Structures are given as C-alpha cells and as structure tokens.
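Residues per chain are reported as follows:
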Amino acid sequence: MATVEHCLYCFETLSANLEQRTPMSLSEVEASWAAYPKGLESEELEEEEEEETSTSEPEDASQAKRPKARNLLLQRLTGRKSDSSGISTPSDSSSSLEPSTTATTPGSSTNSFTPVGVGRHTSQRSSVISEIPLFITWNTVSKTSNQRFLRGCIGTFEEQPLATGLSSYALTSALHDHRFSPVTLNELSSLEVAVTLLTDFETAKDPLDWELGVHGIKISFYARNRRFGACYLPDVAVEQGWDKEETVVSAMRKAGWGGRKEKWRDVGDFKVTRFQGMAESVGYDEFQKWREWVASGEKK
C-alpha cells in the first residue's frame, strides 16, 4: 500500500528535477524516514510518566491522547461539509493515463480489501511490493481556505517497478499532464502529492457492479464508430458526491462521449473493470521539514 515514504520520494524527485540536483533514492528516503523524529516519542514518554504518577486515571485513558491514524477518505468525506476544507470541482478531479500506456488487469484476491487511505502507512507494510500499477496526483492547496485544486494526475494500469514507477510518474504528472502547464519551482510550496497503488482488478458484471468509496472504475465502450475509454480513482466519486450512475456518466463524458445522459446505456460493448486503490498523501510543509532534517544531517 502507498506510504508516506512514497509521497516524500515523489516530492524529492520533483524538487530535485526543478532544482537541478540529484535526488535521493527510494531506499534512502525510506531509511531516513525511519530515523526521522516524528514528534511521537516525547508524547509517549509523557503518557508513560502520567500513568506512573496517576492512580485514578483509567488504564486505557492515555490511549485517547495518542495521535490517531489519518484516514484520507474520511477526511475528504467530512471536508465536503466544511468551508475550511474544500474539494476540487468535477472537472478538476479526473485522472489521466499517459498516452503511451495500455491497461492491464493484474490478478489479485478480492478478499484483500483495504479502504482507501486508512491510516498512515510505512515502508514496513509495503516492503513486499516490487511491481504495481499506480497513479500520482498533484494538488494545489489554498493557504487561506485549504481547498484543493487538481494540478496533475497521470498513472498506469501496467505493473511498474515501484521506485521507477514512482519517480517516472511523479515527473510525468507534474510536468507533462496536457491539461495543465508544467509545475514550476515557485509552485512547489503550494503542492500536495497523493500516491495511489492499484490492486484487486476485477471485471464488473455490469456498469454499476462496484462500490462507492471502495472501487475505482476503468470504462470502455463503443459509440459513433469509435471506442471510448476513461477511468476514475476510488476517491473521486465520494469527493464529488456522485452516485454510481452519475460517476459512470461523468467518466463517459471524460472519455469524450457527448450523448444524452439518460441514453448512456445505449452505447455498445460497455466494459467496466473495477479496482481498489490504497492511497497516501503528503503536503509540502511535511516534505520540507523532513528534507531540512536530512540536509542538517548531511552537513555534519
């Protein structure tokens, strides 16, 4: 599953490219993150001291003080109800495939479902991943409203060597998404990156044979003497507040279909592949603090 280290590596790759320096490798990022002080050690020590000195406090009370794992999907769900955490508009929430990329459907077990973005994942949980399909999404985050706007999103359904895929698509999505101008160095501080690793590919029985908040969809259909295709990652429908039919129609629009929405079932040879995506995201501030810590160690 996607990890904080994967996100940091994407930021490191893009930052190094824009700053014209040599980036750290994924293994170097993972090793440094493991050693990086994350602010939890002192809190846990204080909790232990409180437990030793207090006899009236319930045994499990200190657990409530521990930092809770971040659930990206839950944040997006609650963010839609708050003015302080905006979401992108439907036209900004799509994901692109690199033009030269063809879709594949790696075999996987349907019993291994993990909701999108549950917890903050570390490399210990993803060390067994060698090759996997993936998407990299860059968002611009408003400093005043915290609203997110899509800045680039490109990925592949073909299995990629993890380090190569992350670095390649981090740059491709930031610099070569045809919907946007290339990201510049001045923009770096306003960015957030999200890594989605794709798993559990299955052929849907019909266009609506998938679950909101669980599956992404890749559609393919025939109309007007040509084939259309598009995809959405698992979190898109939830972010936009769509039901399944609205999501399918929106994906068809994204693919270039211009028919009447009530006629969407009239297209030919409609195929839907559903998949799951295990995501993690990191903002620039977190990347910068970690990178400054790395740089301070390099100077010693």
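In the block above lies the structure referred to throughout.
Residues numbered from 1 in each chain as written. Predicted model: local features only at pLDDT ≥ 70, side-chain atom pairs only at ≥ 80, totals over all residues. Heavy atoms only, no water.

A count of helical and extended segments in the protein chain gives nine helices and seven strands. Evaluated residue by residue, the protein chain yields a buried proportion of 47% over its 300 residues. If you sum the accessible surface of the protein chain, you get close to 15,300 Å²; carbon and sulfur atoms cover 49% of it. (Helix = DSSP H or I, 4+ residues; strand = E, 2+ residues; numbered from the N terminus. Buried < 20%, exposed > 50% of the residue type's maximum accessible area, 1.4 Å probe, protein only. Areas by Shrake-Rupley, 256 points an atom, 1.4 Å probe, with all protein chains shown as cover.)

This brings us to the packing of aromatic side chains. In the structure shown here, the tally under the stated rule is 15 aromatic pairs. Ring geometry for Phe 135 versus Phe 157: centroids 5.6 Å apart, planes at 65 degrees, classification edge-to-face. One end of the pair, Phe 135, is in strand β2 (residues 131-141); the other, Phe 157, is in strand β3 (residues 148-161), and 22 residues separate them in sequence. Arranged with centres 5.4 Å apart and planes meeting at 75 degrees, the rings of Phe 157 and Phe 275 form a pair that is edge-to-face. A residue pair is termed long-range when its members are at least 10 positions apart, and Phe 157 in strand β3 and Phe 275 in strand β7 (residues 268-283) qualify at 118 residues. (Phe/Tyr/Trp six-rings, centres within 6.5 Å; stacked < 30°, edge-to-face > 60°.)

The subject of this paragraph is the pattern of salt bridges. Evaluated as defined, the whole model comprises 11 salt bridges. Arg 21 is the salt-bridge partner of Glu 19, the closest N and O atoms lying 2.7 Å from each other. For Glu 19, a relative accessible area of 38% puts it in the partly exposed group. Given a relative accessible area of 26%, Arg 21 falls into the partly exposed group. (Salt bridge = Lys/Arg side-chain N within 4 Å of Asp/Glu carboxyl O.)

Let us look at helix α8 (residues 244-255). When the terminal C-alpha atoms of α8 are compared, their 17 Å separation across 12 residues agrees well with the 16 Å that a helix rising 1.5 Å per residue should span. Listed in full, the buried residues belonging to α8 are Thr 247, Val 248, Val 249, Ser 250, Ala 251, Met 252 and Ala 255. On the buried face of α8, the contacting elements are β5 (216-223), β6 (226-232), α7 (236-240) and β7. By the N-cap criterion, in which a side-chain oxygen at the helix start approaches the backbone nitrogen of a residue two or three places on, α8 is capped by Asp 243, the distance to Glu 245 being 3.2 Å. Just downstream of α8, Gly 256 is the residue with a positive phi angle, here 115 degrees. (Expected span 1.5 Å × (residues − 1). Contact = heavy atoms within 4.5 Å. Polar contact = N/O pair within 3.5 Å; in protein donor to acceptor, adjacent residues only side chain to side chain.)

We now examine the nonpolar core. Ranked by internal contacts, the top residues of the largest apolar core, which has 36 residues, are Phe 11, Ile 136, Trp 138, Leu 166 and Trp 290. Sorting the residues of this core by element identifies α1 (4-19), α2 (26-35), β2, α6 (162-175), β4 (191-203) and α9 (284-299) as the ones contributing at least two each. The element contributing the most residues to this core is α1, with seven residues. Those residues in contact with Leu 166 that sit more than four places away from it in its chain are His 6, Tyr 9, Cys 10, Leu 26, Leu 134, Ile 136 and Val 195. Listed in part, the 31 residues of the second largest apolar core include Cys 153, Trp 210, Ala 251 and Val 267. (Core = buried A, V, L, I, M, F, W, Y, C linked by side-chain atoms within 4.5 Å.)

Along the chain, His 215 falls in the loop between β4 and β5. Taking relative accessible area as the criterion, His 215 reaches 7% and is therefore assigned buried.

With that settled, the discussion passes to the environment of Ile 219. With respect to the helices and strands, the residue Ile 219 is situated in strand β5. In the structure, Ile 219 is positioned 12 residues away from Pro 207 in sequence and 8.2 Å away in space, judged by C-alpha atoms. Setting aside residues up to four positions removed in sequence, Ile 219 forms contacts with Phe 228, Gly 229, Ala 230, Val 248, Ala 251, Met 252, Phe 270, Lys 271 and Val 272.

Right, let's get into unusual backbone geometry. In terms of backbone geometry, most residues other than glycine have negative phi values and most peptide bonds are trans. At Asp 200, a residue that is not glycine, the phi angle is positive and equals roughly 55 degrees. Tracing the backbone through its elements, the reader meets Asp 200 in strand β4. Assessed through its relative accessible area of 3%, Asp 200 is described here as buried. A positive phi angle, close to 50 degrees, is found at Asp 269, a residue other than glycine. Structurally, Asp 269 can be placed in strand β7. By relative accessible area, Asp 269 is classed as partly exposed at 42%.

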